[in-house]
Every structure is written in structure tokens, then in C-alpha cells.
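Fold and geometry: a report
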Amino acid sequence: MAFDPNSYESKWRQYWRDNSTYRVENPKAGEKPKPKYFVLDMFPYPSGAGLHVGHPLGYIASDIYSRYKRMTGHNVLHPMGYDAFGLPAEQYAIQTGIHPAESTATNIKRYREQFDLIGFSFDWEREVRTSEPQYYKWTQWAFARMFESYYDTALNKAMPISELVSAFAKTGNANVTAATESKNQFTAEEWNGFSRKQKSEALMDYRIAYRRTSYVNWCEELGTVLANDEVVNGVSERGGYPVEKKAMLQWSLRTSAYAQRLLDDLNDLEWSDSLKTQQRNWIGRSTGCQVFFEIDGKTDRLEIYTTRPDTIFGTTFMVLAPEHPMVDAITTSEHKASINAYRERAAGRSDIERQADAKEVSGEFTGSYAVNPFNGKKLPIYIAEYVLVDYGTGAIMAVPSDDERDERFAKHFGIEIIPVVDRPEGSSAADKVGTMINSDFLNGLKVKEAIKKANYEVQKRGIGQAKTNFKLRDANFSRQRYWGEPFPIIYDAEGIPEVVADDQLPVKLPKLDDYKPAPGGDGPLARAKDWVNLPDGYTRETDTMPAVAGSSWYFLRFMDPGNPDAIASKEAMEYWESVDLYVGGTEHAVAHLLYARFWQKFLYDIDAVPVAEPFKKLINQGMIQGVVETIYLHKEDKYFASADLVNDDNRDDFAPNYVLVDYISDYGFDDRPSNLSFENIASFRKWRPDYKDTEFRYGPDKDKFFSHSEVGKMSKSRYNVVNPDLIIERYGADTFRMYEMFLGPIEAHKPWNTNGIEGVYKFLRRFYQLFYNEEGQLIITDSAATPEQLKTVHGTIKKVREDIERFAMNTCVSAFMVCVNELRSSKCTSRDALEPLVRLLAPFAPYLTEQIWSDFGNEGSVHLTSLPVHDEQYLVESEVEYPISVNGKKRATAMFSVDASKDDIEKAAITHEAVQSYIEGKQIKKVIVVPGRMVNIVV
RNA sequence: GCCCUGGUGGUGGAACUGGUAGACACGCAGGACUUAAAAUCCUGUUCUCAUUGCGAGAGUACGGGUUCGAUUCCCGUCCGGGGCACCA
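Not measured: the values here are computed from a predicted model.

1. What to know about the overall build of chain A
Broken down by element type, chain A carries 30 helices and 38 strands. In chain A, which comprises 939 residues, the proportion classed as buried is 53%. Across chain A, every contact between residues at least 6 apart in sequence was considered, and the portion connecting residues at least 24 apart equals 70%. Of the roughly 42700 Å² of accessible surface on chain A, 48% is carried by carbon and sulfur atoms.

And the structure:
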């Protein structure tokens, strides 16, 4: 019987399922547990398109690693679940009326089939879905705890809000060390005199989950608010709809309070540098100085933030953000009209418009002046868009000599420029080098010393202090959507928010007939009157949580998925602790990973988890890209033109149309441009009946109709999704798995092509043929393996183990190929040599190895055996081949015994026949012998 | 603009701490088997020159440097990919 994966793969799929081969147990009380290892994949959003060939890349690598760990004595937690809340299912529901839960369940079923097909070793008994009430109960529970906590900046952790309440009652808020943006001050007497409502509002300024009016990214088309990272180039990431700034009452999480810890704890993680840098940039720590400037003729002081207090003598004007709260108070009557016009214009402009002319200089004078605290100089106060209201204090001291933007502004408005740093040639202001000039007591100091001195002086004179700033903003946590977690929040008749009691959780989503947003910026839940209105005049919050909520802690639930009393039991948490290896794409480098780290730290603070970081080691798999194929439709004459008829001059006359990639021949070849054959054109017409009579115009090459080909993301809308099912049907899952690994390093981005898949298929067939004859009978014998064969096998064991450990699955595959090629040419049939190879290959090709293992007459799965260990004795060489170089250029090779002395090797090398012509008549200056490596003769 | 990455044959890639550049695979060329094709198997395949045989030289984006020796380390330039972007 010839090699035929289809003949056995489905059998083993069923076997693994029936026998729960991959079930993982938590250790029982009193039992001495095996060392644990937690391998996690970023769980997918179950979209309607199903898995494409890009998704499994990371899953396969982590599956191999999990199997490797399992076979080397570890208790491996390797679960999978679904990030099941999200926008697409809801939009689909709006279009079709099908409940998101229903379409999501359908999609999940499809995903599961595909997962099973590929042969992943997930423990499906631990599956989680973020949209299940028993899961989101704990999302709500964590939110409730955040509502009931504040961040103590002295203790550097979250604390119960009740402690803050008693502190307020005793001493007011003047001395509390709590993270807040509020400037309100109140005494104990004032606090005690507050109404319930006033107290509630005051506490909102401190809660870690809090509600405030903030400028948010409002997307009218989607009817919801979006987070900054859901907005790309001023349009929504999903759908590409315009996004505007809007002031709305929104739930937020005080992520900014955790900025320093999120930054510090990065250092100990085994993450790539680029990823850590991305997180650091996002957190955006800067150290500077907060300084108060008096305003001429006013009692109010203007607070600014600068990283360059040394340049304070170069300040020639001040700038406020247009939205700055002090603008009204300082604008003089004759400037009111123009200031208001400017502010209106700024408010009406979307981010994309602002960015488009970021280099444009605009601004408006308020008519007021600030006073430089060091020299009393009067400084005109402007407002301008280039100062952002939500960074620092929303106001700056402008130093045109040492800031590019200030310089542009000063030149545009004809404002004085005073040089204060004598910079060396070729350096810029950002380099912070040079010597201070025109700066009174700072003169003669180097910039870095001057910064320290200026900080000191500011503090001494009581006009400010050194301060650290972060770009990281609080997370906006409200969405006006249906398909997300309801907030565990109710409002009493006065509108005071309260958390829903723990025993009332989960707050389940109500049934709805219409998923469209309700009018007035309310979410669809506002339509569910029976659900919203509670006895005693209470009402429910109608916003829902964003998609990041459920994914911020799902890894914890896998530790103890069914637990009704906690996220997971204490024992389970202490045993599994955190994720040892996390594999996923870079698209989640910032948002998901940052939120998950924040969530974990909060849970750590309230003693709900034992460690403060969720993911010890992280590997980013690259994206497998698709080929995007387009053909050109003439806009006026409505015919399709072959790509060779389209050039830069007439390109605008054509509208590009994506073509289903299946209809394209020859893509991926440089010398044979992608094209549609006659049959393909017929298929295309059938696929798009609206074009069934459209003419296809050929270019000079009359045989072929060319399409335009480029590499791009695989997506349903580009019709270029390659489905793994078809590959598996043709070659089997083992080939698919190994081919994806063989494509290259796991982190690399690469376009999908099947050019090399035959090579991997051939390899597996040859592996099979080592064990079976053409009739499908085992041909293994008990004859002794030769030393060469044992060397091959043990060398392979050693290399594969090392390469798995450093996640180099591609070189593992080639090591297997080399091994099989060698054993094949030496006609190896020895069980001693071949049996370990079955176990070694098992993590990569689970189906074939299981079949061979069973044909060997073994009971039980090969995947529950142990990985072979290499025996060094088969690898020791008596002789080593040394390259002999002359002046670094290899000229000959020679064999030397491993224990040959340096001197012997040197002597033999210089008398070696092949090198004579290179050293003849020249003086040998030096001979370098690296034992076991090489010889270099320097002449 | 700033930050992070990467640049190796016709192609995907290998070379882990500086030590035989191009493993493995695809593709291509030639051969065997076949009436023929497919499949399979064998041989060759970095480039240039030479070729009757031995060979010789160059070569890891480019230009320098350190070193006995550099794909690997350092400096500069160019190009690709990703992220951030008026962050004071």
C-alpha cells in the first residue's frame, strides 16, 4: 500500500478525541505534581471566513513545542478558546437579523473543525468563550473590583476605595496619595457635608474604573466610541469609516496609574526588543519639570510642563491647547471673536484633517501675557492646535531657539527668538548637548547640568517641581454596542452609579430584536426597556465593554475553567502561575498585551493572582501574506483591460477589481506574470454574474490576459484567502504542518505559496518507506544498526531537541530530511535506529507517527511516550576534518585525530601538499590552530 | 522625522558564542524507467573566466574599519518591512 495520509489521519483524529489523549489535569491535593508548562496561543476572533493558511503558523509552532514539553516530562497546559465578542457578528446581525450568539456559534464550530483537522493537541475540555455568561461573569467581577478600588501612589498598588472614604472623612483629600487628574480640593468638613451625589462624584475622580466626560473617538457609521488603537489614520480600523472627536460620558480604566510599573516590569520579560520598544514608546515616559507662570494682571497661574527647563530664559511666548480650560478666562475682549473662531475650527476638524496639515502653522493670540518667573519678562499667550490638551498640562512655554515647532510658530508670527544654547556644529536641540548662553545663572553650564540646576531652582523658588509624564492615557472602556459584556453597574434614581452585587453576577445580555444603536448616542441595550428599568427607580448601564475586556484575562480562566466561585482556584493559580510561552502576531503588540498586563497587575494588587506579569516569554509569529490580484475595469467603456495595457498615463481611467485568487495562473513567478486563462475568465464571469457580458481586452501578448499582482494581507474582501482544508485534503495534515514550519523562521513575514510543499510531502513518504514496503507491511528488522546509522539518528535527536528549544522549527524539518536521506541511502531497516525517530518526529507529524507506533504493536499513544535522548557515545569522532587556510582563504582540508596536539596539526598543515604552492618562498609569520575547528597559516 | 527590524544563489532559506558561505527544499538542466506522458529514481546546479584534464578569481546591499580570520563586531551610506508621529 502506497503512502496515503487520508487512509489513517481521520482514524487517529477520532482516537485522540475518544481517549482524551490531550487532557491536562490540575494536580490533586497531596500529590507531588510534575513540573508545569503553560503554552498559550492568542485565541482567535471566530470570523465568518474561517481559518486561512496564515492563522495556523503560530499554532503549529506552539503545538510542536507543547508536544515537545509533554514528551520531556512536563505537565503541559495548552488550551484554546474564542474571543467571541466583537463588532463583525453584530454588524452581521444588523444586516441579517441573526443573533450574534448564533452566528458566533456557527463560526466557532467551523473553527473547531479546522483546528481538529490540523491535529492540534489542545485540551478542549478547557475551552473558553468570552461571550459565555459563565465566563464574562468574571470580566464583570474584575470590573466591579476596579470600580471599588483607587490607586495608591505611595504604596504603589490598588487599594479599596473604602480606605479613601475614611481618609476623606478624617482629613479631606489634601494629603491622600491617590492617582487622579482632579484638581478639586476639599477638607474633611466639606467632605462630611457632601450629599450622596457629591460624594459619588468626588470618588469618581479616584476609582480605577471610573466614569467621566472625555473627548472620545466617535464613529457615527458604527454608532460607537473607539479606542485610539481602533482608529487608523483617522478612520475606523474595522470598516474604514470616518471618526470624529466628541465629548461623551464614558467609562474608563485608570491604566495611566500603572504606567511606571508597566514600564519597569518589561525589563524582566523574555520578549523581543522590538516589542518591548513598542510598548515603551506607547507608555512614553518623559522626565521634565512642571512650572507655574503668573499671568499678568490675573490671580490664576498657568501650569506648564517642559522637558527642557534649562531653556526657560529662551521662552518668548506661551501656547495653550485650544481646549484648555483657562482660555476663556484669559482671553481679552478684543480677541474673543477670533479666539472663538479658532476654537470652533479646531473642534470641527477630524484627526485626519489635523494630521494632513500638521506642518501648517496656525494659532491665535489671547491678548494676555504670562510672566517668566526667572526674569519677569512678559510673554504673549497664544492658543494653537499643535499643543495637545491631554498631554502634560495642555500648555507649554515656547522656546523657539530650541524647539522646531516653536521656531516655526515664532517665525510665522514674528516673535523674538533668543538663543540660549551654544550647540556644537551638526547637533540638534533634541540631542541635549551644548553650553548655556543668555541664561543668567545657567550660563556656562552644559545642557544636562543646566537641566538639573533649573529643576533645583524651580523647586527652591516654589514655582514648580520635577515631574515625570507618560503618553499612556487611561483606557476608554465604553462602547455603544450590543455584542459585548454589560457593565455590572446600575444607577439609582439620582443617577448615582453602584456596582451590582457579586451574587447577582453575571449581568446577562438581554434578547433584542434590533441591534442598531439607539438614538442619541445610546447603545442598542437602551432599547431593552424591561432589562434597563429595575425596581425602586434603578436603571442599568446600557454601554457594553470593548473587545479587549474579555481577552485581558482569558489565560487565567484556562487554569480552572469551570470554577463557579472564582476566576480560578488558588491552588490552580499557584500551580500554573502564568503563561510560560505566549505565541501570537505583532498586531497585538500594543493594545492586547498592554491591557492584559494592566489587568494582571490589578488582580495581583487585590490578591487575586499570585504574580504580576502574565506572559513570561513571547514569540511573535510573522504574517503569512497572500497574493492580491487585481484586474482593471475601464471606468467609462466598461471593459476589462489586460494589465499590459495599463500604464501610468491611463491608470486613472481604470477601476481596480479584486479577483478570486483561484482563477489566477502563474502567480508567484517572476518570469511568468500572473494571468487569467480562457477558462479562468469563464469562471470569473460565473462568479461575478454582473460582469457576464463584459469584454476582456487583450494586450500585445494575445495569448494571455494579465492581472496585476502584489503581496498583501489575506482577507475575505480581497478574495485571496487560502484555506488550509484543501491543502490537507490533498497532502494530509502532517505535510501541511511541516510545510508551514519549513517556510522559514517563525517570526518572518512571508507570502504564501505552495512551491515547496512537494518536497515536504516527499520527505514524509520517504520516512514512511523506511518502515513499510509497497504492500504496506512493516519491514523493520531487529538487525543491529551500523555506527554510521546510529550517528545519524543520535545527531538528529540532538539537533532537533536544540532547535525546538530555540523555536527554529524550520531547521528541525531540514534535520529530519537529512536524516531520512542518509538512512535511506544506507538502506537502514534496524528497529534500534528507526524507533527513536518515530518518537522524535511525533511533535511535528502526529498522525503518521501515531500510525507507525500502533503498527509496531504498542498500546497507547506515541504522544504520551517520551522524547528520545541522544547518546553522546555514538557521536564521538575519532577524526575531525580541518580546513587549512592560508591568509584566511581555505586552500585544503586534512583529517586529524581528535586528540592530535596543536603542534602536530601545525606541522602537518604546513607540510600539507596542497598548500605548498601558496606558502612556497614566503615566510610563515604565524600559524593559528583552533582545536576541532580550523588551521590558518599566515605568510 | 523618530524608534525597531531586516538585506545571503533563479526562489524559500541555512550557517547558534567571529572559524570550510550557500545545509535542506523548490525551480532548472541532463539521464534512467516508459510506446509516450505523469509519477519515481539518479547526476549536476553561487557567479565569472578557463575547460582536454588540473584549475583561477570574485562573492553575503554598498563604502570603510577592527582581526590571523567578518554573513557575524564597529562606523558611514542606500534600500525593504513594522511601529509611533505636532507628546513640549
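2. Structural notes on the sheet that holds strand S11 (residues 244–253)
An order of S8-S7-S11-S21 is seen for the four strands of this open sheet, with the pairing classed as antiparallel. The open sheet is flanked by strand S8 (224–226) and strand S21 (475–476), the only strands paired with a single partner. One ladder, built from 10 bridges, connects strand S7 (residues 209–219) with S11; its direction is antiparallel. Bridge pairing in S11 places Tyr 215 opposite Ala 247.

3. Regarding the state of the cysteines
One pass over the full model with this rule turns up zero disulfides. Unpaired in this structure, Cys 819 has its nearest cysteine sulfur neighbour in Cys 828, at a distance of 8.7 Å. For Cys 819, a relative accessible area of 1% corresponds to the buried category.

4. Structural notes on the pairing of strand S1 (residues 36–41)
Consecutive side chains along a regular strand alternate between the two faces of the sheet. Where burial is concerned, most of S1 is hidden: six out of the six residues are buried. Burial along S1 is two-sided: the face carrying Lys 36, Phe 38 and Leu 40 and the face carrying Tyr 37, Val 39 and Asp 41 are both buried. Here S1 runs beside strand S2 (residues 75–77); their pairing, made up of three bridges, is parallel. Paired with Tyr 37 across the strands is Val 76, a residue of S2. The handedness of the S1 to S2 crossover, carried by helix H2 (residues 56–70), is right-handed.

5. As for the protein's contact with RNA strand B
In the vicinity of RNA strand B, 52 residues are found, and the nearest of them are Ser 274, Thr 307, Arg 405, Lys 471 and Asn 936. A share of 61% of the atoms of RNA strand B within 4 Å of the protein falls on sugar and phosphate groups. Separating a base nitrogen of RNA strand B from a backbone N or O atom of Leu 388 is a distance of 3.0 Å. Per-element accounting of the surface near RNA strand B gives the leading share, seven residues, to helix H26 (residues 809–825). Taken together, the residues of the surface near RNA strand B sort by class into 19 nonpolar, 16 polar and 17 charged.

6. Some words on the packing of aromatic side chains
The full count for this structure, using the stated rule, is 68 aromatic pairs. Ring centres of Phe 771 and Phe 856 lie 6.0 Å apart, and the angle between their planes is 50 degrees; this geometry places the pair in the tilted category. Residue Phe 771 is found in helix H24 (residues 757–771), and its partner Phe 856 is found in the loop between helix H28 (846–855) and strand S35 (879–886); the two are separated by 85 residues along the sequence. Of the two residues, Phe 771 and Phe 856, neither departs from the other in class, the shared state being buried. An aromatic cluster is built from Tyr 59, Tyr 82, Tyr 111, Phe 115, Phe 120, Phe 122 and Trp 124, whose rings are joined through pairwise contacts. Here Arg 831 stacks its cationic end above the ring of Phe 856, 4.8 Å away from the centre of that ring.

7. Considering the pattern of salt bridges
Applying the stated criterion to the full structure yields 44 salt bridges. With a shortest N-O distance of 2.9 Å, Asp 296 and Lys 378 are connected by a salt bridge. Within this pair, whereas Asp 296 is found in the loop between strand S12 (285–295) and strand S13 (301–306), its partner Lys 378 is found in strand S16 (residues 378–383), the two being separated by 82 residues in sequence. The partner of Glu 407 in a salt bridge is Lys 411, and the shortest N-O contact between them spans 2.8 Å. On the criterion of helical spacing, the pair formed by Glu 407 and Lys 411 is a turn pair, its members being four residues apart in helix H14 (residues 404–413). Residue classification places Glu 407 among the partly exposed residues on the basis of a relative accessible area of 29%. Among the charged side chains, a salt-bridge network with shared partners connects Lys 36, Glu 577, Asp 580 and Lys 616.

8. Some details on the sheet that holds strand S38 (residues 934–938)
One open sheet holds the four strands; their spatial order is S36-S35-S38-S37, and the pairing between them is mixed. Only two strands of the sheet have a single partner each, and these edge strands are strand S36 (889–897) and strand S37 (926–930). With strand direction ignored, the average angle separating the axes of adjacent strands in the sheet is 20 degrees. Alignment of S35 against S38, held across three bridges, turns out to be parallel. Considered in S38, the bridge of Ser 885 is made with Asn 936. With respect to the sheet, helix H29 (residues 902–910) is in contact with S35, S36, S37 and S38, its orientation differing from that of S37 by roughly 125 degrees.

9. What about the nonpolar core?
Counting residues in each nonpolar core, the largest one holds 178 residues, and the members touching the most others are Phe 115, Phe 477, Met 738, Phe 771 and Phe 844. Dropping the residues within four chain positions of it, Phe 771 is found in contact with Gln 777, Leu 778, Ile 779, Ile 780, Leu 834, Val 838, Ile 852 and Phe 856. One finds Met 318, Val 319, Met 326 and Ala 398 within the second-largest nonpolar core, a separate group that totals 46 residues.

10. A look at the environment of Arg 697
For Arg 697, the location among the structural elements is in strand S31 (residues 695–697). Separated by 642 residues in the primary sequence, Arg 697 and His 55 place their C-alpha atoms 37 Å from one another. Within the local environment of Arg 697, its side chain forms a polar contact with the side chain of Glu 695, the two groups lying 3.2 Å apart.

11. Some thoughts on the side chain of Thr 311
Summarising the element assignment, Thr 311 is placed in the loop between S13 and strand S14 (317–320). Here the side chain of Thr 311 touches Arg 308 through a polar contact of 2.8 Å, landing on its backbone oxygen. Residues contacting Thr 311, with those up to four places away along its chain left out, are Met 397, Val 399, Asp 402, Val 420 and Val 421.

12. A closer look at the packing of H2 against helix H25 (residues 787–805)
It is at 10 Å that the axes of H2 and H25 come closest, and there the two elements cross at 120 degrees. The pairing of H2 with H25 is recorded here as oblique in orientation. Both H2 and H25 take part in a crossing whose hand is left-handed. For the pair H2 and H25, the contacting residues are Ile 64, Tyr 65, Tyr 68 and Lys 69 in the first and Arg 801, Ile 804 and Glu 805 in the second.

13. Quick notes on helix H6 (residues 161–171)
The complete set of buried residues in H6 reads Ile 161, Leu 164 and Phe 168. Along H6, the residues classed as buried sweep out an arc of 50 degrees about the axis, all on the same side. On its buried side, H6 packs onto strand S5 (149–152), strand S6 (157–160), helix H7 (188–193) and helix H8 (196–204). In the stretch just after H6, Gly 172 is the one whose phi turns positive, near 75 degrees.

14. What to know about a positive patch on the surface
On the surface, Lys 762, Arg 765, Arg 824 and Lys 827 cluster together into a patch of positive charge. Here Lys 762 lies in helix H24. Assessed through its relative accessible area of 37%, Lys 762 is described here as partly exposed.

Basis of the calculations
Residues numbered from 1 in each chain as written. Chains lettered and ligands numbered in written order. Predicted model: local features only at pLDDT ≥ 70, side-chain atom pairs only at ≥ 80, totals over all residues. Heavy atoms only, no water. Helix = DSSP H or I, 4+ residues; strand = E, 2+ residues; numbered from the N terminus. Buried < 20%, exposed > 50% of the residue type's maximum accessible area, 1.4 Å probe, protein only. Contact = heavy atoms within 4.5 Å. Areas by Shrake-Rupley, 256 points an atom, 1.4 Å probe, with all protein chains shown as cover. Pairing = 2+ DSSP bridges. Disulfide = S-S within 2.5 Å. Right-handed = clockwise from strand over helix to strand, strands pointing away. Near = heavy atom within 4 Å. Polar contact = N/O pair within 3.5 Å; in protein donor to acceptor, adjacent residues only side chain to side chain. Nonpolar A, V, L, I, M, F, W, Y, C, P; charged D, E, K, R; others polar. Phe/Tyr/Trp six-rings, centres within 6.5 Å; stacked < 30°, edge-to-face > 60°. Lys NZ or Arg CZ within 6 Å of the ring centre and 35° of its normal. Salt bridge = Lys/Arg side-chain N within 4 Å of Asp/Glu carboxyl O. Axes fitted to C-alpha atoms, helices over the stretch in contact; angles between N-to-C directions. Core = buried A, V, L, I, M, F, W, Y, C linked by side-chain atoms within 4.5 Å. Parallel < 35°, antiparallel > 145°, perpendicular 65-115°, else oblique. Left-handed = near helix turned anticlockwise from the far one by under 90°. Arc of directions from axis to C-beta. Patch = residues over 30% accessible without salt bridge, like charges linked within 9 Å, V, L, I, M, F, W, Y side chains within 5 Å. Lys, Arg positive; Asp, Glu negative; His and termini not counted. Charge placed at Lys NZ, Arg CZ, Asp CG, Glu CD.

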